Amino acid sequence: MATVNITIDGKKLQVENDITILEAARQANIKIPTLCFLKDINEIGACRMCLVEIKGARALQASCVYPVAEGLDIYTQSPSVREARKVTLELILSNHDKKCLTCVRSKNCELQTLAEELNINDIRFEGQSSNFPIDDLSPSIVRDPNKCILCRRCVSVCKNVQTVSVISATERGFGSTISCAFDMSLADVPCTMCGQCITVCPVGALREKDDTEKVWKALANPDLHVVVQTAPAVRVAIGEEFGLPIGTRCTGKMVSALSHLGFTKVFDTDTAADLTIMEEGTELLTRIKNGGKLPVITSCSPGWIKFCEHNYPEFLDNLSSCKSPHEMFGALLKTYYAEKMGLDASKIFVVSVMPCTAKKFEAQRPELSENGLADVDVVITTRELARMIKEAGIDFNNLEDGQFDDPMGEATGAAVIFGATGGVMEAALRTVAEVLEGKSFDNVEYTAVRGIEGIKEATVEIAGIKIKAAVASGLGNARKLLDSIKAGEAQYHFVEIMACPGGCVNGGGQPIQPSSVRSWMDLRVERAKAIYEEDASLPIRKSHENPAVKEMYAKYFGEPGSHKAHEILHTHYTARENYPEK
Amino acid sequence: MQLFRAHVLVCAGTGCTSSSSLKIMEEMETLLSSNKLDNEVKIVKTGCFGLCAEGPIVVVYPEGAMYIRVSVSDVKEIVEEHLLKGRIVKRLLAGEKEAEDISKSLEGVEFFKRQMRIVLRNCGRINPENIDEYIAFDGYKALEKVLTEMTPEAVIDTMKKSGLRGRGGGGFPTGVKWGFAAKQVTDQKYVCCNADEGDPGAFMDRSVLEGDPHSLLEAMSIAGYAIGATEGFIYVRAEYPIAVKRLQIAIDQAKEYGLLGDNILGTGFKFNLEIRLGAGAFVCGEETALMTSIEGHRGEPRPRPPFPAVKGLWQKPTILNNVETYANVPVIILKGADWFSSIGTEKSKGTKVFALGGKINNTGLVEVPMGTTLREVVYDIGGGIPNGKKFKAAQTGGPSGGCIPTSHLDTPIDYDSLIALGSMMGSGGLIVMDEDNCMVDIARFFLEFTVDESCGKCPPCRIGTKRMLEILERITQGKGEDGDIEKLELLAKNIKASALCGLGQTAPNPVLSTLKYFRDEYEAHVYDKKCPAGVCKSMMKYSIDASKCKSCGLCAKVCPANCISGEKKVPYIIDQAKCVKCGACMGKCPFKAISKR
């Protein structure tokens, strides 16, 4: 790599020639404040907080987008730079709904942090403030344009990463805002509810629909049997909300906290993930054997499902008909579990703790119900659970490790890895290989489908069949993959798609890390590492060996793919118009 | 080829068209035919002559008689007197109406005397919808010369030597820009034309597009040859329907003649052009926003570097010049760089077209050599200020520019002198203010424009200009506070330094330059709550001088707010609470008994 010589604040540096001034300064331990910048996602130089002075340049320049060049003489803290940053930040604050005390992002707000770091103690330029209506009609996402600082991160992630493009800048000048086409609500546009916009938002302009009150109310109702289940990605991220390092496994503490909160039973969604593998694996094998529709595409990710319904209805028959794991679990709880425990199903209240905002929408799908009872009553995200734990005054970091409850608490390593991209694929391969070969394998790790690349491919030879598999995470990658399948450029037997880049560990309901952290490390890698550690630590790592699952088939469903299994564990999909004419 | 004994040129620019010049043409056709003159006299629909204040304009050759403010009912007289009998209709003539010898009347008109028309060479001379007329005046000769006699390097060299600088505002040397793009090695390059003229009151580019569209096509083809591009886009605002129509006609004709397309003039050179319509956002005149808009996205600027010559349209090397810049190119190629660089000042070569507006007699379009003084433009060409009022300032560069006060009337106008005065060339709008203009209000007006037109991408422009406007509104409403002027200065300085694009970086200029030259007016507003020019309504009061009032009641009759009362032999009085300060009473009073202060 060629290098160039530059000077930053008098320090002479030799740096690679394809980096920005911001990166070069970082290498030299010089911190330049940023606000709109989010590496690889939003590099547009809009917010002007990272301005630096370049000797000879007419105006100040945005360091986040300015490429280094030979001989640049850069000043990051000159009086004009300091003044410009302060004035700009005060201007931003002058049109920001400064309700920090009641803001969900207080203490985790990049604007608040910046105001503190730049020592802003007065706003000299007060004036008119924007006054837009708040959009809270979506079951998953709430948008408050009055807190929006127009950094465009949400627009970039929605448009460039997810290729969903339901939000963009509209209007001009002081009246400009981020909104949907024709000022429609997120509820009425082809939003997939993936929530990636929330996780990139530096302020409180985007948040999940808070459903914690519904949970508190259920917990306080003595007539209800309130149970909770948690997805695998939650346990490797919730610690971040309590100041623990990214990638800390908190399974035991999380279970204890849930018990403290008053849930009658604390279950692991992973049990249902094992069940999913049994059903989905069966579906795959059946379709391969009987010449059914291939590839089978996974259906665990509700953001992906909605994306498919809107944009690729021709692939609906390829989707596995399996309900997503937590929906399967909800259905199990209101049938098998109710019967087993002698409970009135209508008195069972199922709460799912998910890394996902799209699951809130999914839980409201009318088809995901048994005998008129929704499979899952309320979905809360990792962030909402953390807020409940804080509100209950639980000292999370000092909790003893708890255990998931029987009879459905046991799960395998195969289920845990559902939380990372490629995990469903790997779990399925572990089971399919043994079913087809009729024997047990010691090596269960299919590393070809691991990792955070957007699209991964693998061919696995099992019992003489070359199974071609592909894994995509992030809807933009899903789009690429589907387009290549559609164009006949690629053929697969089995495809795993997760709406969020990196899979559920990076879901829209996960703890939010500021740009200052996530621009310079891949939090997906750290969280996924914890997932695979958990997998490796478990005694059983193959879904079909899960004793609870075995028992369910033996006593209730019969065989995987049985009529009863279909009734309770499977669903169907509907093509959706993107912008229907009313 | 049919020969005619006389030609009647009728201006079909936007200004004259909107005052019925097309109807004049129809009437002319009817009358020529009924007088059986249609084989002797030819009507030519031309572009703008520039003297828009006096339109509609009809010029009759061979005499060169320039008729102004022609109405449809005047056509009969022109046909019967001039065309049938050979008697010039003196009452309609421009300039010296009683001149004995009118054979040089066009050149004799004061308005044209000091002009030098390079860019506007064909405007008002040819029918823009007929490629043959363009060709008859050396059209496409430069393209032929370039393709058959010159290497791309030689073309760029000529452009560099000519000293031509971008006429769109920045004044970047055109040849250098082309050179950057030519150096890039890639599969595709683009040539773009900025025809998104948006400064309030500016219509230089529109006139060229309407009056001489082929000059643009020819220049863009030359640019394509010079940098190695085969495709080009003309980004023109949709609010210029006549220009868009004539551009399309020109493109179609050029294709038909083999002057655009896959094998131009049989040389194997390929160049195609397409029109892209802008939806009226001022910011789309900024080069990166313009390209973003062509790409089909919301027109917003992006940071530079990379510069368009390296990564422009669809990330490919792109050059972007405005209409006026391009219009110079064919002439430079034909007449040579030395000829061109002999015109103008040391660092600003050639001519500049200005759109004169505001408090000036000859509202219109003028083209003068660089270095002409503001005084010459305003007084000698522009005909001075109406109603004998005093010149106060001229705003150049539109909302991005600044104002130049009386003390600098004799400054030779070029890129660098204007910047030194705190203004800029901009695209060439020149708005004249007289003693009745309040400079704080003028600054507020221009800022209101930029606030409306900010794209909203960066906070300094989006919020900063809005805050400045709020302060100016406060000041002009008589609610200015101690410290407001300093706040304006602080904001202006930082917006200039911080904004993402040229629009934001120059938005504070009108405020800074009025503060520089007319700070006393700001102070009078803020501290004395007075508007010295008597413009800011909240700070002025109309009152009736009882000693002069004859109780005629005219003022009360004309008052739209019914706030003046009185009776016979009792002086009238104005109810200040109801007064809307329209000034109607003052204009009506026959005894000058009403004053404002």
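Everything numeric here is computed off the predicted structure, so don't read it as measured data.

Rules of the game
- Residues numbered from 1 in each chain as written.
- Chains lettered and ligands numbered in written order.
- Predicted model: local features only at pLDDT ≥ 70, side-chain atom pairs only at ≥ 80, totals over all residues.
- Heavy atoms only, no water.
- Helix = DSSP H or I, 4+ residues; strand = E, 2+ residues; numbered from the N terminus.
- Rg over C-alpha atoms; globule rule 2.2 N^0.38 Å.
- Buried < 20%, exposed > 50% of the residue type's maximum accessible area, 1.4 Å probe, protein only.
- Contact = heavy atoms within 4.5 Å.
- Lys, Arg positive; Asp, Glu negative; His and termini not counted.
- Charge placed at Lys NZ, Arg CZ, Asp CG, Glu CD.
- Pairing = 2+ DSSP bridges.
- Axes fitted to C-alpha atoms, helices over the stretch in contact; angles between N-to-C directions.
- Arc of directions from axis to C-beta.
- Buried area = accessible area lost by both parts, 1.4 Å probe.
- Salt bridge = Lys/Arg side-chain N within 4 Å of Asp/Glu carboxyl O.
- Parallel < 35°, antiparallel > 145°, perpendicular 65-115°, else oblique.
- Nonpolar A, V, L, I, M, F, W, Y, C, P; charged D, E, K, R; others polar.
- Polar contact = N/O pair within 3.5 Å; in protein donor to acceptor, adjacent residues only side chain to side chain.
- Core = buried A, V, L, I, M, F, W, Y, C linked by side-chain atoms within 4.5 Å.
- Phe/Tyr/Trp six-rings, centres within 6.5 Å; stacked < 30°, edge-to-face > 60°.
- Left-handed = near helix turned anticlockwise from the far one by under 90°.

S.K.: Whenever I open this one, the overall build of chain B confuses me. Can you help?
M.R.: Of regular secondary structure, chain B possesses 24 helices and 18 strands. What you see for chain B is a C-alpha radius of gyration of 26 Å, in line with the 25 Å of a compact globule of 597 residues. Each principal axis of the C-alpha atoms in chain B carries an extent, and together these give about 90 × 65 × 40 Å. Buried positions account for 60% of the 597 residues belonging to chain B. Residue pairs in contact within chain B that sit at least 24 positions apart in sequence constitute 70% of those at least 6 positions apart. Treating the 75 positive side-chain charges of chain B as one cloud and the 73 negative ones as another, the clouds have centres 5 Å apart.

S.K.: Whenever I open this one, the sheet that holds strand β8 (residues 269-278) of chain B confuses me. Can you help?
M.R.: In a beta sheet, neighbouring strands pair by backbone hydrogen bonds and run either parallel or antiparallel. Residues and elements named next belong to chain B. Spatially, β7-β8-β6-β5-β9 is the arrangement adopted by the five strands of the open sheet, whose pairing is mixed. Of all strands in the sheet, those bounded by a partner on one side alone are β7 (261-264) and β9 (318-322). Mean inter-strand twist for the sheet, computed between neighbouring axes without regard to direction, equals 25°. Where strand β5 (residues 190-195) meets strand β6 (residues 231-237), six bridges bridge the pair, whose relative direction is parallel. When the bridges of β6 are listed, alanine 195 appears paired with valine 236. Seen against the sheet, helix α13 (residues 287-294) touches β5, β6, β8 and β9 and runs at an angle of roughly 105° to β6.

S.K.: Explain helix α3 (residues 110-117) of chain A to me, please; I cannot follow it from the model alone.
M.R.: Working note: α-helix, 3.6 residues per turn, so residues spaced by three or four point in the same direction. Residues and elements named next belong to chain A. Residues of α3 that are buried include every one of Glu110, Leu111, Leu114 and Ala115, and no others. For α3, the angular spread of buried residues about the axis comes to 140°, placing them on one side. Its buried side turned inward, α3 meets α2 (79-94), α4 (153-161) and α17 (515-518). Looking at the residues trailing α3, positive phi occurs at asparagine 119, about 55°.

S.K.: Even after reading the chapter, I still don't get the sheet that holds strand β2 (residues 41-46) of chain B, so can you show me in this structure?
M.R.: Residue and element names in this part refer to chain B. The strand order across the open sheet built from four strands is β2-β1-β3-β4, with neighbouring strands paired in mixed fashion. Only two strands of the sheet have a single neighbouring strand rather than two, namely β2 and β4 (65-67). In this sheet, adjacent strand axes meet at a mean angle of 20° when their direction is disregarded. In the sheet, strand β1 (residues 6-11) pairs with strand β3 (residues 58-61) via four bridges, with the strands oriented antiparallel.

S.K.: Would you mind going over helix α13 (residues 382-391) of chain A with me for this structure?
M.R.: Of all ten residues that make up α13 of chain A, seven are buried, and the element is covered over most of its length. Count one or two residues on from α13 of chain A and you reach glycine 393 of chain A, which has phi positive near 70°.

S.K.: What is the right way to look at the interface of chain B and chain A in this model?
M.R.: Size of an interface, as often reported, equals the accessible area lost when the parts are brought together. Tallying the contact residues gives 35 residues for chain B and 38 residues for chain A. With both sides pooled, the region where chain B packs onto chain A buries about 2800 Å², and carbon together with sulfur makes up 54% of that total. Interface area lost by chain B to chain A is led by Arg298, Arg462 and Arg467 of chain B, which between them contribute 20%. Across the contact surface, chain B and chain A share three salt bridges.

S.K.: I'm lost on the packing of helix α11 (residues 325-341) of chain A against helix α19 (residues 547-557) of chain A in this one. Help?
M.R.: All names here are of chain A. Running from amino to carboxyl end, α11 crosses α19 at an angle of 75°, the nearest separation of the two axes being 12 Å. One element, α11, and the other, α19, form an angle in the roughly perpendicular class. Counting all contacts with α11, which are made through Leu332, Thr335, Tyr336, Glu339 and Lys340, the residues of α19 involved are Glu551, Met552, Tyr556 and Phe557. Per-class residue counts for the contact of α11 with α19 are five nonpolar, one polar and three charged.

S.K.: Got a minute to help me understand the side chain of glutamate 496 of chain A in this structure?
M.R.: Residue and element names in this part refer to chain A. Turning to its location among the elements, glutamate 496 is positioned in strand β19 (residues 494-498). The side chain of glutamate 496 is buried and forms no salt bridge, while lysine 456, the nearest opposite charge, is found at 6.3 Å. At 3.3 Å, the side chain of glutamate 496 forms a polar contact with the backbone nitrogen of glycine 423.

S.K.: Could you clarify how one ought to interpret the nonpolar core in this entry?
M.R.: Formed by 126 residues in total, the largest nonpolar core has its most connected members in Phe263 and Trp304 of chain A. Considering every element that reaches this core, the biggest residue donor is α11 of chain A, with eight residues. Every residue in contact with tryptophan 304 of chain A, bar those within four places of it in the chain, is listed here: Ile297, Thr298, Leu319, Leu475, Leu482, Ile497 and Ala499 of chain A. In this structure, Ala142, Ile227, Ala309 and Phe340 of chain B belong to the second largest nonpolar core, which totals 67 residues.

S.K.: Is there a simple way to explain the packing of aromatic side chains in this structure?
M.R.: The description of two aromatic rings rests on the distance between their centres and on the angle between their planes. Residues and elements named next belong to chain B. Evaluation of the coordinates by the stated rule reveals 21 aromatic pairs over all chains. Aromatic side chains tyrosine 134 and tyrosine 140 sit 5.3 Å apart centroid to centroid with 85° between the ring planes, which places their arrangement in the edge-to-face category. Residue tyrosine 134 is classed as buried on the basis of its relative accessible area of 1%. A relative accessible area of 4% means that tyrosine 140 is categorised as buried.

S.K.: Mind showing me how you'd approach the pattern of salt bridges here?
M.R.: Where side chains of opposite charge bring their charged atoms close, a pairing between them can arise. What the rule picks out here adds up to 79 salt bridges over all chains. One salt bridge in this structure joins glutamate 300 of chain B and arginine 152 of chain A, with 2.7 Å as the shortest N-O distance. Taken together, the residues glutamate 300 of chain B in the loop between α13 and β9 and arginine 152 of chain A in the loop between β6 (141-143) and α4 connect one chain to another. Residue classification places arginine 152 of chain A among the buried positions, given a relative accessible area of 8%. Aspartate 410 of chain B is the partner of arginine 375 of chain B in a salt bridge, and the nearest nitrogen-oxygen pair spans 2.7 Å. Residue arginine 375 of chain B is located in helix α16 (residues 374-381), and its partner aspartate 410 of chain B is located in the loop between β13 (402-405) and α17 (415-420); the two are separated by 35 residues in the primary sequence. A single salt-bridge network, built from bridges that share partners, covers Arg235, Arg249, Asp268, Asp270, Glu533 and Glu534 of chain A.

S.K.: So what exactly am I meant to see when it comes to the pairing of strand β12 (residues 391-396) of chain B here?
M.R.: If a strand is regular, its side chains alternate between the two faces of the sheet. All names here are of chain B. Among the six residues in β12, six count as buried, and that is most of the element. Direction of pairing for β12 relative to strand β14 (residues 429-434): antiparallel, over a ladder of five bridges. Directly across from phenylalanine 391, in β14, lies its bridge partner aspartate 434. With four bridges connecting them, β12 and β13 associate as antiparallel partners. By the bridge assignment, glutamine 395 is partnered in β13 with cysteine 403. Counting the residues between successive antiparallel strands, the hairpin from β12 to β13 contains five residues, one of them, glycine 397, with a positive phi of roughly 80°.

S.K.: Whenever I open this one, the packing of helix α9 (residues 270-290) of chain A against helix α15 (residues 423-437) of chain A confuses me. Can you help?
M.R.: In helix packing, the relevant descriptors are the interaxial angle and the interaxial distance, both defined with respect to the helix axes. All names here are of chain A. Where α9 contacts α15, the axes come no closer than 9 Å and their chain directions differ by 65°. Seen from above, α9 lies across α15 with right-handed handedness. Counted together, Ile277, Met278, Glu280, Gly281, Leu284 and Leu285 of α9 and Val424, Ala427, Ala428, Thr431, Val432, Val435 and Leu436 of α15 form the full contact between these two elements. Per-class residue counts for the contact of α9 with α15 are ten nonpolar, two polar and one charged.

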